[in-house]
Amino acid sequence: MKKGYLVLSDGRYFEGQRIGADTDTVGELVFTTAMCGYIETLTDPSYSGQIVMQTFPLIGNYGIIKSDFEGECAISGYIVREICETPSNFRCDGTLDEFLRKKNIPGLCGIDTRELTKIIREQGVINAKICSELPKEYSDIQTYSVTGAVDSVTVKKPKIYKATGAKKYNVALLDYGAKRNIIRELCSRGCEVTLLPAKTSAKDILSCGYDGVMLSNGPGDPADNTFEITTVKDLFGQIPIFGICLGHQLLALANGAKTIKLKYGHRGVNQPVREVFGKRTYITSQNHGYAVDINSVINGRVTYINANDGTCEGIDYPGSRAFSVQFHPEAASGPHDTEFLFDRFAALMGGAD
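For clarity, every value in this text was computed on a predicted model and none was experimentally measured.

A. Spatial organisation of the packing of helix H8 (residues 226-235) against helix H9 (residues 246-254). The interhelical angle for the contact between H8 and H9, taken along N-to-C directions, is 70°, at an axis separation of 8 Å. Judged by the inter-axis angle, H8 sits roughly perpendicular to H9. Contact residues: Glu228, Ile229, Val232 and Lys233 in H8; Leu250, Leu251, Leu253 and Ala254 in H9.

This is the structure in structure tokens:
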């Protein structure tokens, strides 16, 4: 393998071996603690503009499985401790390295991911560059920021997905970077889903007679999406709304709350979330670098908090037929503890309070 480097914006660097595309890239370096589901991570549009590092030491052992894709690969780069070059799985369609090359995504293996994770946890999210030679200056790394992320991953025109079995509801899914399992979960509950571009106006949505609106996950700083926030504000109170991840943040912003950037985010499939008005703690899948400022929630009721750091994980809007969560109830490859939230959305569309 060819030698390569991961260079941090403060000048520190790690030497490894090149995998994937033989090209240089700059991105926001983040880590995910998931022990499985690397295919879903690679194809989650919420990672747009980011170099993703897996903390689990061996990645690629079951290869690439196309039917497990959650969307288009939008990451800027990929970092692993050890890559499996000979995957073993009856569903395998190819190797991880072949996938990265095909998608023109550069990566590195042989990196001390434990040390790198400690740096991010202590210092916070940091910009980085994957390259074949050490740079002489770092301005491109230091000035990098994730911009225009939602526009880069949203669909260009509407797409319709038929309900599984008898159709009960018509749902508009605003695509900020939607994962496919959101669509599958809705379709399995009798919803015909229309995937809409992020810049679809509230007027156009309300004129089509949908029974509910789903606000999807997505990448980037939620406060940058001013058009989308206005759209959500105009939809609020007019139709049942369910927001996930970025959709949760946009719904909060539309109701006067604020968002903050987390030190290193929540990315993994083992995030504990506690009910505020109950006794349950759920294990959830998460992928976000921003959170709703829990102290800024005025037009809503916080329903879930992160058991590790107390950040806002869910908000209800009593009397407005709207609610949202920061975590992923549609999680693929899991956990599936909170799939019941899709049933709650269906009940709202059926007339429940």
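B. Up close: unusual backbone geometry. Cis rather than trans, the peptide bond between Ala332 and Ser333 has omega equal to 25°. Note on placement: Ser333 falls in the loop between strand S19 (322-325) and helix H10 (340-349). Non-glycine residue Arg321 carries a positive phi angle of around 55°. Among the secondary structure elements, Arg321 is positioned in the loop between strand S18 (312-317) and S19.

C. The sheet that holds strand S1 (residues 3-8), seen in detail. Pairing is mixed around the closed barrel formed by seven strands, whose spatial order is S1-S2-S8-S6-S4-S3-S9. Sheet twist, expressed as the mean angle between neighbouring strand axes with direction ignored, is 35°.

D. Spatial organisation of the pattern of salt bridges. Taken as a whole, this structure holds 20 salt bridges when the rule is applied. A salt bridge links Lys3 to Glu15; its shortest N-O distance comes to 3.8 Å. Pair noted here: Lys3 is in strand S1 and Glu15 is in strand S2 (residues 13-20), with a separation of twelve residues, a long-range link. Judged by relative accessible area, which is 43%, Lys3 ranks as partly exposed. Looking at Glu15, the relative accessible area reads 46%, which means it is partly exposed.

E. Representation of the nonpolar core. Core analysis: the largest hydrophobic core is formed by 32 residues, its most contacted members being Leu174, Tyr176, Ile205, Val213, Leu215, Ile241 and Leu251. Excluding residues within four positions of it along the chain, Val213 makes contact with Ala172, Leu174, Ile205, Leu235, Ile239, Pro240, Ile241, Phe242 and Phe345. Counting 28 residues, the second largest nonpolar core, distinct from the first, contains Phe242, Phe327, Leu341 and Phe342.

F. A look at the pairing of S18. Where burial is concerned, most of S18 is hidden: six out of the six residues are buried. Here strand S17 (residues 301-306) runs beside S18; their pairing, made up of four bridges, is antiparallel. What sits directly across from Tyr304, in S18, is Gly314. Here four bridges tie S18 to S19, and the two strands are oriented antiparallel to one another. Residue Ile315 lies in a different strand from S19, and its bridge partner there is Ser324. Between S18 and S19, which follow one another and run antiparallel, lie four residues, and Gly319 among them has a positive phi close to 85°.

G. Highlighting the state of the cysteines. Per the stated rule, a full pass over the model turns up zero disulfides. The thiol of Cys109 is not disulfide-bonded; the next cysteine sulfur, from Cys84, is found 12 Å away.

H. Here's a closer look at the pairing of strand S13 (residues 212-215). Of the two faces of S13, the one carrying Gly212 and Met214 and the one carrying Val213 and Leu215 are both buried. Examined bridge by bridge, strand S11 (residues 169-175) and S13 share four bridges and lie parallel to one another. Paired with Val171 across the two strands is Gly212, which belongs to S13. In this structure, S13 lies alongside strand S14 (residues 241-244), joined through three bridges in parallel fashion. Residue Leu215 lies in a different strand from S14, and its bridge partner there is Gly243. A crossover links S13 with its parallel partner S14, the connecting element being H8, and its sense is right-handed.

So, how was this worked out
- Residues numbered from 1 in each chain as written.
- Predicted model: local features only at pLDDT ≥ 70, side-chain atom pairs only at ≥ 80, totals over all residues.
- Heavy atoms only, no water.
- Axes fitted to C-alpha atoms, helices over the stretch in contact; angles between N-to-C directions.
- Helix = DSSP H or I, 4+ residues; strand = E, 2+ residues; numbered from the N terminus.
- Parallel < 35°, antiparallel > 145°, perpendicular 65-115°, else oblique.
- Contact = heavy atoms within 4.5 Å.
- Pairing = 2+ DSSP bridges.
- Salt bridge = Lys/Arg side-chain N within 4 Å of Asp/Glu carboxyl O.
- Buried < 20%, exposed > 50% of the residue type's maximum accessible area, 1.4 Å probe, protein only.
- Core = buried A, V, L, I, M, F, W, Y, C linked by side-chain atoms within 4.5 Å.
- Disulfide = S-S within 2.5 Å.
- Right-handed = clockwise from strand over helix to strand, strands pointing away.

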